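Residues per chain, in single letters:
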Amino acid sequence: MRVLILLAAFLLNFIVPALADDVANAQSVIRAQEDAFRRDDAPAAYSYAAPGIREMFPQADLFMFMVQHSYAPVYRHRSLDFGEARAAGSQIAQRVHIVDDNGEAWEALYTLEQQSDGSLKITGCRLLKAGQAV
């Protein structure tokens, strides 16, 4: 029995850091895209979008237009802080707390997926005013 507990503890030491690394990588991707939005760098912002997003918006300027008009709090904001994250397989869901330029609070749920080249790409972002039901 002790051997099983020690083995489980040993394995958890490898699983937890991998999860923490995955979450840190996902947050890095979100921050990098946020930085590209701040600079109005459409090609850079677009580079973090997963293939499914790129199929819907086949050009960087179309993607940027969509973000500017449908995701204004993501595009421009006062603050952005990371909340809870969950990882399952090659997918990560990351909650992000946003305060927009008008001082209104928002909750974004980003989803990211590891690509065949090992990179993480953003597969979606669901945006709700803070306090709204999901």
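A quick note: this is a predicted structure, and the numbers were derived from the prediction, not measured. (Residues numbered from 1 in each chain as written. Predicted model: local features only at pLDDT ≥ 70, side-chain atom pairs only at ≥ 80, totals over all residues. Heavy atoms only, no water.)

**Here we look at the side chain of His77**
Part 1 of the argument: By secondary structure assignment, the location of His77 is in strand β1 (residues 77–88).
Part 2 of the argument: What makes His77 buried here is its relative accessible area of 18%.
Part 3 of the argument: Polar contacts involving the side chain of His77 include one to the main-chain carbonyl oxygen of Pro73, which spans 3.1 Å.
Part 4 of the argument: Of note is the side chain of His77, whose polar atom sits 3.2 Å from the backbone oxygen of Val74.
Part 5 of the argument: The contacts of His77, once residues within four sequence positions are left out, are Glu34, Ile98, Val99, Asp100 and Asp101. (Helix = DSSP H or I, 4+ residues; strand = E, 2+ residues; numbered from the N terminus. Buried < 20%, exposed > 50% of the residue type's maximum accessible area, 1.4 Å probe, protein only. Polar contact = N/O pair within 3.5 Å; in protein donor to acceptor, adjacent residues only side chain to side chain. Contact = heavy atoms within 4.5 Å.)

**A word on the nonpolar core**
Part 1 of the argument: With 30 residues, the main nonpolar core has Phe37, Phe63, Ile98, Tyr110 and Leu112 as its most contacted residues.
Part 2 of the argument: Not counting residues up to four positions away in its chain, the partners in contact with Leu112 are Ala26, Val29, Ile30, Ser90, Gln91, Ile92, Leu120, Lys121, Ile122 and Thr123. (Core = buried A, V, L, I, M, F, W, Y, C linked by side-chain atoms within 4.5 Å.)

**Concerning the layout of surface pockets**
Part 1 of the argument: In this structure, the largest pocket encloses a volume near 210 Å³.
Part 2 of the argument: Broken down by secondary-structure element, the contributors of at least two residues to the lining of the largest pocket are α1 (2–38), α3 (51–56), α4 (60–70) and β4 (120–129). (1 Å grid on protein atoms, 1.4 Å probe; cavity = no way out; pocket = protein on both sides within 12 Å on 5 of 7 lines; lining within 4 Å. Points joined across faces, edges and corners; volume = space filled by probe spheres on them.)

**A few points about the pairing of strand β3 (residues 105–114)**
Part 1 of the argument: Pairing analysis gives nine bridges linking strand β2 (residues 91–100) to β3, with the strands arranged antiparallel. Directly across from Ile92, in β3, lies its bridge partner Leu112.
Part 2 of the argument: What sits between β2 and β3 in their antiparallel hairpin is a turn of four residues, with Gly103 showing a positive phi close to 85°.
Part 3 of the argument: Pairing of β3 with β4, which is carried by nine bridges, proceeds in the antiparallel orientation. From the neighbouring strand, Gln114 faces β4, where its bridge partner is Leu120.
Part 4 of the argument: The hairpin formed by β3 and β4 contains five residues between the paired strands, and Gly118 there has a positive phi angle of roughly 95°. (Pairing = 2+ DSSP bridges.)

**A look at the packing of aromatic side chains**
In this description, an aromatic ring pair is defined by two values, namely the gap between the centres and the angle between the planes.
Part 1 of the argument: The full count for this structure, using the stated rule, is three aromatic pairs.
Part 2 of the argument: Between Tyr46 and Phe63, the ring centres sit 5.6 Å apart and the planes meet at 55°, which makes this aromatic pair tilted. Separated by 17 residues along the polypeptide, Tyr46 in helix α2 (residues 42–46) and Phe63 in helix α4 bring together distant segments of the chain.
Part 3 of the argument: Classification of Tyr46 by relative accessible area gives buried; the value is 8%.
Part 4 of the argument: Counting every residue linked through ring pairs, the aromatic cluster contains Phe37, Tyr46, Phe63 and Tyr75. (Phe/Tyr/Trp six-rings, centres within 6.5 Å; stacked < 30°, edge-to-face > 60°.)

**Re the environment of Glu34**
Part 1 of the argument: When you line up the elements, Glu34 lands in helix α1.
Part 2 of the argument: For Glu34, a relative accessible area of 11% puts it in the buried group.
Part 3 of the argument: Placed ten residues apart in sequence, Glu34 and Ala44 show a C-alpha to C-alpha distance of 9.9 Å.
Part 4 of the argument: Glu34 has contacts with His77 and Leu80, leaving out every residue within four places of it along the chain.
Part 5 of the argument: Among the polar contacts listed, one links the side chain of Glu34 to the side chain of Arg31, at a separation of 3.2 Å.

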